[in-house]
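# Inside the fold
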Amino acid sequence: MTAPALPAEVSVRQRGGGILLEVQALRAVAVLLVVVYHVWPSRIPSGFIGVDVFFVISGFLITSHLLREVAQTGTIRVTSFWARRIRRLLPASILVLGICAVLLWTVYPPVFRWPGIEQIAFASFYGLNWLLATNAVDYLHAGDSATLVQHFWSLSVEEQFYFFWPLILLATLFLSTRLALQKRRRRAPETYVMIVTTLIVAASFAYSVVLSHYRPAFAYFDTGTRVWELGLGAIFAVVLSRWPDSIDRLRGTSVLARGGIGLVAGFSLIGASALLIGPDVEFPGWVALFPTVGALIVIVVGMPEVSWLRPLVAWRPVQYVGDISYELYLVHWPLLVTALVVVGHRPNWWQGAILIAVAIVAATVVHRLMHVLPQLWHALWARRRVAFAFAAVSAAIFCTAAILTLQWQESRASAAASVKDELIHTGNGAAPTPGDPLACVGAAAMLSGAECADRFALTDSVDLAAAATDLDRANWCLTWYDQDWLQCERGDPTGTSGTIALLGDSHAGALTGAMDTYFRQLGWKVITYTRFGCSGLEQPVPALSVPTDDGKSWDDCVKWAQRARAEIASRSDITAVVFTNWERSKGSPAVGMPARLTPQSIATSLEQLGSAGKPLVYVEDPPNTGGVPVPECLAGETASAAPCSTRRSESYDPSLMRDGIAYSGIDVGYVSTVDAYCDADTCFAVIGGVVVYTDDNHISDTWARSLMPYIGSEILEDIEARRGA
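First, a word on scope: everything that follows refers to the structure included in this document.

Spatially, the six strands line up as an open sheet ordered 1-3-2-4-5-7, and their pairing is mixed. The open sheet has two free edges, formed respectively by strand 1 (489–491) and strand 7 (668–671), since each of these has just one partner strand. The mean angle between the axes of side-by-side strands here comes to 25 degrees, regardless of whether they run parallel or antiparallel. Running at roughly 165 degrees to strand 7, helix 30 (residues 701–722) makes contact with strand 2 (498–504), strand 3 (524–530), strand 4 (576–580), strand 5 (616–619) and strand 7 of the sheet.

Written as structure tokens, this is what we have:
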């Protein structure tokens, strides 16, 4: 899901004291676009552009407010401005964040607890957008599910704007005064504000276009890519402040005043953007011009006194939704996510309608509370120090809760880790056999030959919160996207039996910890040649050697893969090569990398490795999960006899690597793993009391350790069969 923006709850009163009806209507349209988009994504494919409409509104209203203060006092009292923002925005936010924290600890399964509390902590000090931006480009967070408060990202963007914008305007006013004294010619302050604002808008727009092309996932949440949208509204606020009579004459023209052409054009542009932009467009980028310009047109033309549109725009339900738009944003997302967790699927039309109605009622309650409660302690609440203390204490409480939650999760993970130590026998790495105490634990439940009752049941002893972090990343030693090279030695440092080069992506990384323990016992050294999202088999694709984010990732992957294969082939101390990768992502350009492996490119890479005379062994990739984070899926299917299982015919397809190996003509050992995951018809998510996957594609470290005694012995058999051949 794409999370919504949060509208700034600022004054919408005109200079004469009347309500800006068109701005309230804009708010209503924007909030309904996003709410409907979230409830029924297929109805309004690009309803997320309501975010951008709110940014324009916020930039206009906040700048208008600050310029009025300059006109009245000659300066901007920055701390007073910040305190007013805290009083108006923070209480409702803290209330919703607090309720969400309680829900996470009382209603939600433990697997949702840490990511939710972490995001609540970041939201409490308006830094959530940067956390989500980082996670959006984090390979291991790419499949994360929606959380209760991720919609606070846009409130974070707006509050960051509210922090630095008055400082920029104050600095501009100071500069204009100094220039006036030096030149003895005074210009209107708005002139300098206009120049500075225009430069910021131009720079932010250029940055947005470039970053949306190179790093679209990060760009979506980046404050810098959104400032120009707020700046568009700010520019018009400056124009209105400097030339109000000219704007009044423009609004008084017969076409705009009577025909309502401007309003129709603006709202139509917003509506068309919501329906036509599409989710795959580089956004925000230049495409965000359409909804933002539409919003700006509505604000510029204003609400004509005589127009057939006036009754519709001024209609009380429309204005009321505009009144509660901030609170509706706050409450609708947690309600929707909670419904998805409880029900297990998206709402149909009537369930969605009920959900929206409940959200409106909840927003009304919060809206009224936030207007009534402050009046009870008005004298105290009006003090700036109290407002700042409230903000600081609130953030401190939520951050402390996050630290305690992290400690709780680490303690559970530590307890679960003790199980791993028993899964690989010390001494000779022998796999459990029938009668062994571990014969029905993990992969042994499928491979040991023992009769195991309820092999696929999710028992009370399974800790899903620990399973969601069961990756043992400290042992992975993968080259990250922004690294050129990272390599580690695992297993037996002496390598008395030989040395294995482990080649592949993070799916190879998920085996590293288990291989370290298993092969150390048998005198084998393991050297890692692994990189995130890169199998080590990639070949150059000229069409993709372009400076986009995906193109650069592919180029870097190809260069790394070429270096890895060349080093493996040239090192005389490497006895054999074991390779594996996320076959599904490498076979489809829609998942992971921007290009696919082909049997021909795989064969070319294998021929290079095979020419060095080293035995090659491929470890088959696990079946697909269907793209669902498995621990979270399991949290919602506790009553099933085989929860979150998939059909073998749909989730298991090893044809890409098999075809590539066959095409190469190289004698490659092939370790099939499917029988550890699946029976004849079904592939399972819980086997022998162990959660198989820790997210939507990586196997858990506990599962890998239970599997390694079986596949480890096959790897060694394949190596010995090809050694010296």
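Attention now moves to empty space enclosed by the protein. Under the counting rule described, the total for this entry stands at two cavities of 30 Å³ or more. Here the largest cavity defines a volume of roughly 90 Å³. Lining the largest cavity are 15 residues, with His507, Leu511, Pro622, Tyr677 and Ile699 sitting closest to its centre. Counting residues per element, the ones that place at least two in the lining of the largest cavity are helix 22 (506–521) and helix 30. Looking at side-chain class alone, the lining of the largest cavity contains eight nonpolar, five polar and two charged residues.

To continue, consider the state of the cysteines. Overall, the coordinates contain five disulfides when judged by the stated rule. With a sulfur-sulfur separation of 2.0 Å, cysteine 633 is cross-linked through a disulfide to cysteine 644. Its S-S torsion of about -110 degrees marks the bond between cysteine 633 and cysteine 644 as left-handed, since a negative value means left-handed. On the criterion of sequence distance, the pair formed by cysteine 633 in helix 26 (residues 630–635) and cysteine 644 in the loop between helix 26 and strand 6 (646–647) is long-range, its members being 11 residues apart. According to the relative accessible area criterion, cysteine 644 is buried, its value standing at 13%. The disulfide bridge from cysteine 678 ends at cysteine 683, spanning 1.9 Å between sulfur atoms. Judged by the torsion about the S-S bond (95 degrees), the cysteine 678/cysteine 683 disulfide is right-handed.

Under the definition given, this model contains 15 salt bridges. Residues lysine 525 and glutamate 489 are paired through a salt bridge, measuring 3.7 Å at the closest nitrogen-oxygen approach. On the criterion of sequence distance, the pair formed by lysine 525 in strand 3 and glutamate 489 in strand 1 is long-range, its members being 36 residues apart. The class of lysine 525 is buried, set by a relative accessible area of 13%. Ionic pairing is found between glutamate 620 and arginine 658, a salt bridge with its closest N-O pair at 3.6 Å. Here glutamate 620 is found in the loop between strand 5 and helix 26, whereas its partner arginine 658 is found in helix 28 (residues 655–664), with 38 residues between them in sequence. Judged by its relative accessible area of 40%, arginine 658 is partly exposed.

With that settled, the discussion passes to the pairing of strand 4. Of all five residues that make up strand 4, five are buried, and the element is covered over most of its length. Note: strand 2 against strand 4, five bridges, orientation parallel. In the sheet register, isoleucine 500 faces strand 4, and the bridge partner there is alanine 576. Relative to strand 5, strand 4 runs parallel, the two being bridged by three bridges. Within strand 5, the position partnered with valine 577 by the bridge is leucine 616.

Counting across every chain of the model gives 28 aromatic pairs. Look at phenylalanine 48 and phenylalanine 283: their rings are 5.2 Å apart centre to centre, the planes differ by 75 degrees, and that puts the pair in the edge-to-face class. Here the residue phenylalanine 48 occupies a position in the loop between helix 1 (21–39) and helix 2 (50–73), and phenylalanine 283 occupies one in the loop between helix 12 (261–276) and helix 13 (289–301), the gap between them amounting to 235 residues. A relative accessible area of 7% means that phenylalanine 48 is categorised as buried. Accessibility expressed as a relative area gives 5% for phenylalanine 283, which makes it buried.

On to a nonpolar patch on the surface. On the surface, Val361, Val365, Leu369, Leu373, Leu376, Trp377 and Leu380 cluster together into a nonpolar patch covering about 620 Å² of accessible area. Top contributing element to the nonpolar patch by residue count: helix 17 (residues 349–376), with five residues.

Our next topic: the packing of helix 1 against helix 15 (residues 316–323). Running from N to C, helix 1 and helix 15 cross one another at 75 degrees; their axes reach a closest spacing of 7 Å. The angle between helix 1 and helix 15 places the two elements in the roughly perpendicular class. Residues Leu21, Gln24, Ala25, Arg27, Ala28, Val31 and Leu32 of helix 1 form the contact with helix 15, whose own contacting residues are Val318, Gln319, Val321, Gly322 and Asp323. Its residues placed into classes, the contact of helix 1 with helix 15 shows seven nonpolar, three polar and two charged.

Formed by 183 residues in total, the largest nonpolar core has its most connected members in Ile120, Phe152, Phe236, Phe519, Leu634, Tyr677 and Trp703. In terms of residue count, the dominant contributor to this core is helix 3 (residues 78–106) (14 residues).

This next bit is on unusual backbone geometry. Of note, the amide linkage connecting phenylalanine 283 to proline 284 takes the cis form, showing an omega dihedral of 10 degrees. Take proline 284: it is sitting in the loop between helix 12 and helix 13. A positive phi angle, near 60 degrees, is found at cysteine 477, a position not held by glycine. Following the sequence through the fold, cysteine 477 ends up in the loop between helix 21 (464–467) and strand 1. Cysteine 477 sits in the buried class, given a relative accessible area of 7%. If you check the backbone angles, cysteine 644 has positive phi at about 60 degrees while not being a glycine.

Definitions and limits used
- Residues numbered from 1 in each chain as written.
- Predicted model: local features only at pLDDT ≥ 70, side-chain atom pairs only at ≥ 80, totals over all residues.
- Heavy atoms only, no water.
- Pairing = 2+ DSSP bridges.
- Helix = DSSP H or I, 4+ residues; strand = E, 2+ residues; numbered from the N terminus.
- Axes fitted to C-alpha atoms, helices over the stretch in contact; angles between N-to-C directions.
- Contact = heavy atoms within 4.5 Å.
- 1 Å grid on protein atoms, 1.4 Å probe; cavity = no way out; pocket = protein on both sides within 12 Å on 5 of 7 lines; lining within 4 Å.
- Points joined across faces, edges and corners; volume = space filled by probe spheres on them.
- Nonpolar A, V, L, I, M, F, W, Y, C, P; charged D, E, K, R; others polar.
- Disulfide = S-S within 2.5 Å.
- Buried < 20%, exposed > 50% of the residue type's maximum accessible area, 1.4 Å probe, protein only.
- Salt bridge = Lys/Arg side-chain N within 4 Å of Asp/Glu carboxyl O.
- Phe/Tyr/Trp six-rings, centres within 6.5 Å; stacked < 30°, edge-to-face > 60°.
- Patch = residues over 30% accessible without salt bridge, like charges linked within 9 Å, V, L, I, M, F, W, Y side chains within 5 Å.
- Areas by Shrake-Rupley, 256 points an atom, 1.4 Å probe, with all protein chains shown as cover.
- Parallel < 35°, antiparallel > 145°, perpendicular 65-115°, else oblique.
- Core = buried A, V, L, I, M, F, W, Y, C linked by side-chain atoms within 4.5 Å.

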